[in-house]
Amino acid sequence: MKQFSYKFFRMKKNIENKLIKELAKEFEFDVCKVTDSKLPLSAALRLKEFIDSGFHGEMKWMEDTFERRKSPINLWKEAKSAIILGLNYGPKTNPLEKNNNKNIGNISVYAQGKDYHELIKGRLKLLSSKLISKLNNKNETKIKVFVDTAPIMEKPLAEKAGLGWQGKHTNLVSRDFGSWLFLGVVLINKSLQHDAPENNHCGSCNKCIVICPTNAFEAPNKLDATKCISYLTIENKNIIPKKYRVAIGNKIFGCDDCLAICPWNKYAKRTKEIKFDEDKYNFDLLKLLKLSDQDFRTQFSGSPIKRIGRDRFLRNCCVAAGNSKNVKLIPLLINLLINDKSFLVRGAAVWALQQIGDQKIFLKTKKRHLNFEKEGTVIDEWGT
């Protein structure tokens, strides 16, 4: 009798797991796996080391939420299983090709289309609602959905569930989709059949470590986010340290270098999701340096770019302008230097003028600007 009960229990779990995978396809997710709601101690220890080393920089929320972030059950004690879903956002061309076009503002692949948070969360809610309606004891079933904004470690969960493995660059790598998976998590207060975890297939490859323009990796799997271009251009709310500016090149929102160089991308596929396949933000710096606050809001409506605000975005564009060495940008940079209200923009404009290197214009502009500039950080950019 016990053996029969066990077989029935296993059969029921198999059916539930199959149902989840079918719903994932119905709601157009590219991959779906299931695991339990606990993370190994190693994941928490690695996060603790990251925070203790100060590698999180201004992302204080990681420190404040550490106890909840360690494992999903710390976030929601009723959670018994985790459903991990992946949505492919593979680009149509290699992002590394854009690094050489110094006259454009280079925007990360993930931000080329619509904000993935809203799209994925909407699908997760629809999937979860339908899943509950099809499960037994649906009145007792509870579900919570997460997309990158709650204190939950999606990548270790995805590795444990079998979607891929965390490469030496700390990002998820998939044998089927390479570096290009957005992740969503559904926690459920129900024990489900688990999928097998994925093995690490990086081997001796360290291309992602070597390619990093700012040498942000202290060692394999150890990222100092404060040196990372994605952090410097997105999370960093202050001036970009001078020692990283040349290495940033034309990147104005994020960086894909360590993702794009991964050899597993030979198996990657172009996304089928039209909202991620737009590749529409390839603006010339001549246009970007003219953006007012309202222009910025209009241009990037519905985009994750909008969250950093116009001032930080223009700060990034000025750095890219300096690296372009394009003398046609000088009038726009002088206009920002003289008229812009943001010290972030004015300071970056000073640096850009220095990089472009017209000494006569530089000295004339310096004399004029220092007659009225009051912000110390901007004055320091002149080297006085």
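Quick look at the structure, then. (Residues numbered from 1 in each chain as written. Predicted model: local features only at pLDDT ≥ 70, side-chain atom pairs only at ≥ 80, totals over all residues. Heavy atoms only, no water.)

Side-chain direction in a regular strand flips from residue to residue, so the side chains alternate between the two faces of the sheet. For strand S7 (residues 181–188), a buried count of eight out of eight residues is recorded, marking the element as mostly surrounded by other parts of the structure. In this sheet, S7 lies alongside strand S2 (residues 81–88) in antiparallel orientation, the contact comprising eight bridges. Bridging across to S7, Leu87 finds its partner in Phe182. Bridging between strand S4 (residues 143–146) and S7 involves four bridges; their strand directions are antiparallel. For Ile143, the partnering residue across the bridge sits in S7 and is Ile188. (Buried < 20%, exposed > 50% of the residue type's maximum accessible area, 1.4 Å probe, protein only. Helix = DSSP H or I, 4+ residues; strand = E, 2+ residues; numbered from the N terminus. Pairing = 2+ DSSP bridges.)

Below, the discussion takes up the side chain of Ser179. Inspection of the secondary structure assignment puts Ser179 in the loop between strand S6 (172–173) and S7. The class of Ser179 is buried, set by a relative accessible area of 4%. When sequence neighbours within four positions are dropped, the list of residues in contact with Ser179 reads Tyr89, Leu172, Leu259, Cys262 and Asn265. (Contact = heavy atoms within 4.5 Å.)

Now for the packing of aromatic side chains. Tallied over the entire structure, the rule returns 16 aromatic pairs. A centroid spacing of 5.7 Å and a plane angle of 40 degrees characterise the contact between Trp264 and Tyr267, whose relative ring orientation is tilted. Classification of Tyr267 as partly exposed rests on a relative accessible area of 41%. An aromatic cluster is built from Tyr89, Tyr110, Tyr116, Trp180, Phe182, Phe253 and Phe276, whose rings are joined through pairwise contacts. Seen from the ring of Trp76, Lys144 lies directly overhead, with NZ or CZ sitting 5.3 Å from the centre. (Phe/Tyr/Trp six-rings, centres within 6.5 Å; stacked < 30°, edge-to-face > 60°. Lys NZ or Arg CZ within 6 Å of the ring centre and 35° of its normal.)

The subject of this paragraph is the nonpolar core. Ranked by internal contacts, the top residues of the largest apolar core, which has 118 residues, are Leu289, Phe313 and Leu333. The element best represented in this core is helix H16 (residues 343–356), accounting for eight residues. When near neighbours in sequence (up to four residues on either side) are disregarded, Phe313 contacts Ile252, Leu288, Leu291, Phe296, Phe300, Ile305 and Ile308. (Core = buried A, V, L, I, M, F, W, Y, C linked by side-chain atoms within 4.5 Å.)

Take the sheet that holds S7 next. Judged by pairing direction, the sheet is antiparallel, and its four strands sit side by side in the order S1-S2-S7-S4 without closing on themselves. Only two strands of the sheet have a single partner each, and these edge strands are strand S1 (31–36) and S4. Between one strand axis and the next, the sheet turns by 20 degrees as a mean value, whatever way the strands run. Contacts from helix H7 (residues 154–161) reach S1, S2 and S7, with the element oriented near 90 degrees to S1. (Axes fitted to C-alpha atoms, helices over the stretch in contact; angles between N-to-C directions.)

In short, geometric facts, not functional conclusions.
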